[in-house]
Amino acid sequence: MVCKRISFTDFRNIEKAEIEFCDGVNILYGNNAVGKTNALEGIYLFANGKSFRTSNDRDLINFSKDLSFVKMQFEDSVRKHDMEMKLIRGSRKLCYRNGVNIKKLSDFVGYFRAVLFCPEHLSVIKDGPSERRSFLDAAICQIKPIYLSSLQKYNNILNQRNILLKNYEENKQDFDRTIELWSAYLAREASLIARERYEYVKILNLHVKDFFNDMTSGKEDTFLEYNKAMTEDEYYEKLTHNLEKEIQAGSTLYGIHKDDIDIYLNGREARSFCSQGQQRCLALAMKLGEGEISRQVTGEYPVLLFDDIFSELDSKRKEYVTNGIKKCQVIITSCEKDGIQNVAGNVIHVDKGNYTRI
């Protein structure tokens with residue numbers, strides 16, 4: 001899978017621009033706040049259906065405009081594709097694939113696939129469980145769009161159930177009448193999501209081992225495991241036998257929104273014992289593993305997007321990213337001059353929303 005070109009109109013600080021990419025390594029080079037990350041953000045919109053930097057689409061529109069357009073052309077093993085997003089201030093975004101309006105996000109995500117790695121993802125090892133759950137959800141949604149639909153259902157049900165718990169004293173009648181129904185709905189979606197996460201992490205574990213061994217010359221060992229994957233009946237039992245605790249807390253205490261990935265390095269919990277260098281290698285290995293799973297499921301590699309990670313990696317890991325990954329398209333942003341002149345690929349200078357191949 002290859003992103004051939006992307007064009008922007010009034011997208012963040014980009015008034016109008018078109019960027020063409022080669023099939024191998026592409027580097028967007030320039031100072032901070034000139035539009036490098038904006039370009040990756042636009043590409044990733046088509047993979048994940050939303051920005052990786054903001055939850056509000058209005059933030060993507062140039063502050064002086066009411067409309068923004070992003071168009072991308074990409075190729076897979078079958079054909080060329082055109083995708084477009086129209087962002088409208090005060091309204092929902094419009095998504096198009098090959099000229100057809102796609103109304104459901106779950107029908108839009110999964111055609112173009114990309115793996116994003118940015119400095120914030122280094123926190124996937126040491127920060128809280130929500131970071132690791134977000135990593136899993138973003139990765140699985142691209143290869144199984146039905147997972148996104150199930151996740152959306154789960155979050156809607158969870159919200160309704162939490163409202164019941166929070167307002168228990170004011171609305172006991174509604175609570176008694178509907179809580180078991182909401183618990184049953186939640187248990188069903190939780191079991192589906194947990195099973196997908198469990199199977200994904202089981203495969204991811206093998207790829208992380210391979211990549212981490214490659215980066216460390218086999219000196220260290222890793223192990224990943226999804227720490228909870230219960231059946232529908234088990235979730236339902238948890239949700240119906242602990243209502244007093246949940247009423248007191250005012251929220252749902254059991255479900256896939258509380259789960260985590262256990263990550264071990266050399267037999268010890270990575271979150272507590274790994275160094276910063278090991279943390280970076282593990283996070284990078286997880287992202288490369290995500291790319292391998294995407295290839296296994298879909299038959300072709302996704303596009304790899306690396307946002308400003310050169311400043312976080314040592315020289316060995318930089319070389320691994322720029323020269324060691326030869327099977328897929330890589331698009332990298334960088335503020336650093338060192339090393340990019342020797343990259344066999346496409347180097348683009350970025351300045352105030354303008355993109356010039358150098």
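Anything mentioned here points back to the structure above.
This structure is a prediction, so every number in the text was calculated from the model and none was measured. (Residues numbered from 1 in each chain as written. Predicted model: local features only at pLDDT ≥ 70, side-chain atom pairs only at ≥ 80, totals over all residues. Heavy atoms only, no water.)

### Points about the sheet that holds strand E12 (residues 303–307)
Operational definition: Only strands joined by at least two bridges in the DSSP assignment are considered to pair. Secondary structure counts use DSSP, requiring at least four H or I residues in a row for a helix and at least two E residues in a row for a strand, with both numbered from the N terminus. Lines are fitted to the C-alpha atoms to define the axes, a helix being fitted only along its stretch in contact, and any angle between axes, read from their N-to-C directions, falls within 0 to 180 degrees. By the convention used here, residues are in contact when the closest approach between their heavy atoms is within 4.5 Å.
What the 6 strands build is an open sheet, ordered E8-E12-E13-E3-E14-E15; its pairing is mixed. This sheet does not close on itself; its edge strands, each paired only once, are strand E8 (114–117) and strand E15 (354–357). Adjacent strand axes in the sheet meet at a mean angle of 20°, parallel and antiparallel pairs treated alike. Relative to strand E14 (residues 345–351), strand E3 (residues 25–29) is paired through 5 bridges, and the arrangement is parallel. Counted as the bridge partner of Ile 27 is Val 347 from E14. Helix H10 (residues 276–298) rests against E8 and E12 of the sheet, and its axis sits at about 175° to E8.

### A look at the environment of Val 201
Along the chain, the position of Val 201 falls in helix H6 (residues 172–216). Apart from the residues within four sequence positions on either side, Val 201 is in contact with Leu 136, Leu 224, Glu 225, Tyr 226 and Ile 261.

### Regarding the packing of aromatic side chains
What counts is decided by this rule: Ring geometry is summarised as follows: Phe, Tyr and Trp rings, the Trp one being its six-membered ring, pair when their centres sit within 6.5 Å, and such pairs are stacked at plane angles under 30 degrees, edge-to-face over 60 and tilted between the two. Per-residue accessibility, obtained with a 1.4 Å probe over protein chains only, is compared with the maximum for each type, and a residue is labelled buried under 20%, exposed over 50%, and partly exposed between these values. In this scheme, the term charge over a ring applies when either NZ of a lysine or CZ of an arginine sits within 6 Å of the ring centre and within 35 degrees of the ring normal.
Taken as a whole and assessed by the stated rule, the structure comprises 8 aromatic pairs. Ring plane angle 75° and centroid distance 5.9 Å describe the contact between Tyr 44 and Phe 52, whose orientation is recorded as edge-to-face. Exposure remark for Phe 52: the relative accessible area of 23% places this residue in the partly exposed category. Taking NZ or CZ as reference, Arg 97 lies 3.5 Å from the ring centre of Tyr 111, over its face. In this structure, Arg 268 is placed above the aromatic ring of Phe 273, and the distance from its NZ or CZ to the ring centre is 3.9 Å.

### As for the pattern of salt bridges
When their charged atoms lie close together, side chains carrying opposite charge are able to pair. Note the cut-off: Salt bridges, as used here, are contacts in which a Lys or Arg side-chain nitrogen is within 4 Å of a carboxyl oxygen on Asp or Glu.
Enumeration over the complete set of coordinates arrives at 18 salt bridges. As a salt-bridge pair, Glu 20 and Arg 5 come within 3.6 Å of each other at their nearest N and O atoms. Taken as a pair, Glu 20 in strand E2 (residues 14–20) and Arg 5 in strand E1 (residues 2–11) lie far apart in primary sequence, 15 residues in all. Residue classification places Glu 20 among the partly exposed residues on the basis of a relative accessible area of 45%. Among the ionic pairs, Glu 292 bridges to Arg 295, the shortest N-O distance being 3.2 Å.

### Structural notes on the side chain of His 207
Summarising the element assignment, His 207 is placed in helix H6. Each residue touching His 207, except ones within four places of it in the same chain, is listed here: Gly 289, Glu 292, Ile 293 and Gln 296.

### Side note on the pairing of E15
Looking down a regular strand, the side chains alternate between one sheet face and the other. Alignment of E14 against E15, held across 4 bridges, turns out to be antiparallel. In the strand pairing of E15, Asp 351 is matched with Asn 354. Counting the residues between successive antiparallel strands, the hairpin from E14 to E15 contains 2 residues, one of them, Lys 352, with a positive phi of roughly 50°.

### Some remarks on the side chain of Arg 133
Keep this limit in mind: Asp and Glu count as negative and Lys and Arg as positive, but His and the ends of the chain are not part of the count.
Looking at the element boundaries, Arg 133 is found in helix H4 (residues 129–143). The charged side chain of Arg 133 is buried without a salt bridge, its nearest counter-charge being Asp 260 at 6.1 Å. In this view, Arg 133 contacts Arg 197, Ile 256, His 257, Lys 258 and Asp 259; residues no more than four positions away in its chain are not counted.

### Some thoughts on unusual backbone geometry
Even without being a glycine, Ala 33 presents a positive backbone phi close to 60°. Relative to the helices and strands, Ala 33 is located in the loop between E3 and helix H1 (36–48). For Ala 33, a relative accessible area of 79% translates into the label exposed. Despite not being glycine, Asn 98 has its phi angle at roughly 50°, a positive value. If you trace the backbone, Asn 98 turns up in the loop between strand E6 (94–97) and strand E7 (100–102).

Everything listed is a geometric property; what it means functionally is a separate question.
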